[in-house]
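Spelled out from the first residue to the last, the chains are:
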Amino acid sequence: IRKIKEGDPLGAVQVIKETNPFPLVCGRICVHPCEAECRRNLIDEPVAINYLKRYAADYEMKSGQRIQIPRAPETGKRVAVIGGGAEGLTAAYFINRLGHDAVVYEGSPRLGGLLRTGIAENRLPQDVLGWEIQGILDAGIEAKTRQKLGEDFSIDSLLKEGFQAVFVATGGWDTQMSDREKEQALPGVRVLLDFILRHRAGEKLSLGKEVVILGGGEAALETAQACLK
């Protein structure tokens, strides 16, 4: 905030990236709980830190410059990161900053995880996410897509390749939603995000003539549009 006040938004980005490699993303999708706790509320209104972060990050993107954080001296060590979502890319980013070589293995064709597949385009445009991810890769991180754990490689094979450590960031609840048809608690009822992910993947889902959507957010609107089509 001080850097922005001094007219140095790129300096602000450098401060942000010391602890967060996704300022563009956070500036758009963060629900900014810090503002609810801001002591400025006792006087008038909270400091708009979320919009300030977005302003600085957008300034970097529109300037065409890449702000990178200094990297520690090379250690000669290699770390494999399994999973190219927000967690895996963040881990690789900080592993790289510590001076180690990081290689990300992602099973799908594109990096980003739920940031790419689970957030509506109007909240997080694909080109903005792509620019952010490219900046992480430009810091010196290698990424290999279409590489699935258990099919194309194993943890043992990575260690035999010379990696000193393996960080597993394959996702949580979202990776467990693909085979739920057999155990649906309520027939005909789907989890909203599960429906969206399957629809985006091109899967043909059997629906009745009438559909009820619980919720009024962007995900609900995207689902309504998909159902109409």
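See the structure printed just above.
Analysis parameters
- Within each chain, residues carry numbers counting from 1 in the order of the written sequence.
- With pLDDT at 70 or above as the cut-off, local features in this predicted model cover only qualifying residues; side-chain atom pairs require 80 or more to be listed or tallied, and sums for whole chains, interfaces and linings still use all residues.
- As a rule here, side-chain values cover all heavy atoms of the structure and leave hydrogens and water aside.
- By definition, any uninterrupted DSSP run of H or I lasting at least four residues is a helix, any uninterrupted run of E lasting at least two residues is a strand, and each is numbered from the N terminus.
- Here the term buried applies to any residue with accessible area under 20% of the maximum for its type, exposed to any over 50%, and partly exposed to those in between, with areas from a 1.4 Å probe on protein chains only.
- Residue contacts are counted whenever heavy atoms from the two residues lie within 4.5 Å of one another.
- Using a 1.4 Å probe, the Shrake-Rupley method yields the accessible areas, and only the shown protein chains count as cover for residues.
- Neither His nor the chain termini are counted; the positive set is Lys and Arg, and the negative set is Asp and Glu.
- A charged residue contributes its charge at one atom only: NZ of Lys, CZ of Arg, CG of Asp or CD of Glu.
- Here the rule is simple: two strands pair whenever DSSP picks up at least two bridges between them.
- For helices, the fitted line uses only the C-alpha atoms of the stretch in contact; every axis is such a line through C-alpha atoms, and the angle between N-to-C directions lies from 0 to 180 degrees.
- Given the number of residues in a helix, its expected span is that number minus one, multiplied by 1.5 Å.
- Salt bridges are defined by distance alone: a side-chain nitrogen of Lys or Arg within 4 Å of a carboxyl oxygen of Asp or Glu.
- Viewed with both strands pointing away, a crossover whose connecting path from the first strand over the helix to the second turns clockwise is right-handed.

*Asks:* Even after reading the chapter, I still don't get the overall build of the chain, so can you show me in this structure?
*Replies:* A tally of helices and strands in the chain yields eleven helices and four strands. The principal-axis extents of the C-alpha atoms in the chain amount to approximately 60 × 60 × 30 Å. For the chain, buried positions account for 34% of its 229 residues. Restricting the contact set of the chain to residue pairs at least 6 apart, pairs at least 24 apart contribute 68%. Carbon and sulfur atoms provide 53% of the accessible area of the chain, an area that totals close to 14000 Å². Between the mean site of the 30 positive side-chain charges and the mean site of the 31 negative ones, the chain shows a separation of 1 Å.

*Asks:* What should I look at first to understand the sheet that holds strand β2 (residues 101-105) in this one?
*Replies:* With parallel pairing, the four strands of this open sheet are ordered in space as β3-β2-β1-β4. Looking at strand neighbours, the two that pair on one side only are β3 (142-144) and β4 (165-168), the edges of this open sheet. Strand after strand, the sheet turns through a mean of 20° between neighbouring axes, direction not considered. Examined bridge by bridge, β2 and β3 share three bridges and lie parallel to one another. Opposite Val 103, over in β3, you have Glu 142 as the bridge partner.

*Asks:* Quick question: what am I supposed to make of helix α8 (residues 126-138) here?
*Replies:* For an α-helix, 3.6 residues make a turn, and residues three or four places apart therefore share a direction. Between its first and last C-alpha atoms α8 spans 18 Å; for 13 residues at 1.5 Å apiece the expected length is 18 Å, and the two agree. What α8 keeps buried is the set Val 128, Leu 129, Trp 131, Glu 132, Ile 133, Gly 135, Ile 136 and Leu 137. Gly 140 sits one or two residues past α8 and shows a positive phi near 120°.

*Asks:* Even after reading the chapter, I still don't get the pattern of salt bridges, so can you show me in this structure?
*Replies:* Opposite charge on two side chains lets them pair, provided their charged atoms get close. What the rule picks out here adds up to nine salt bridges. Here Glu 222 makes a salt bridge to Arg 200, at a shortest N to O gap of 2.8 Å. Of the two residues, Glu 222 is situated in helix α11 (residues 218-228) and Arg 200 in helix α10 (residues 192-200); the sequence distance between them amounts to 22 residues. Within the structure, one salt-bridge network assembled from shared partners comprises Arg 28, Arg 54 and Asp 58.

*Asks:* Can you walk me through the pairing of strand β1 (residues 78-82) in this structure?
*Replies:* Each regular strand carries side chains that alternate between the two faces of the sheet. β1 sits mainly inside the fold: four of its five residues count as buried. In the sheet, β1 pairs with β2 via five bridges, with the strands oriented parallel. Bridge pairing links Val 79 to Ala 102 in β2. Viewed along the sheet, the connection from β1 through helix α6 (residues 86-97) into β2 turns out right-handed. Both β1 and β4 contribute to a ladder of four bridges, which runs parallel. Looking at the pairing, Val 81 lines up with Phe 167 of β4.

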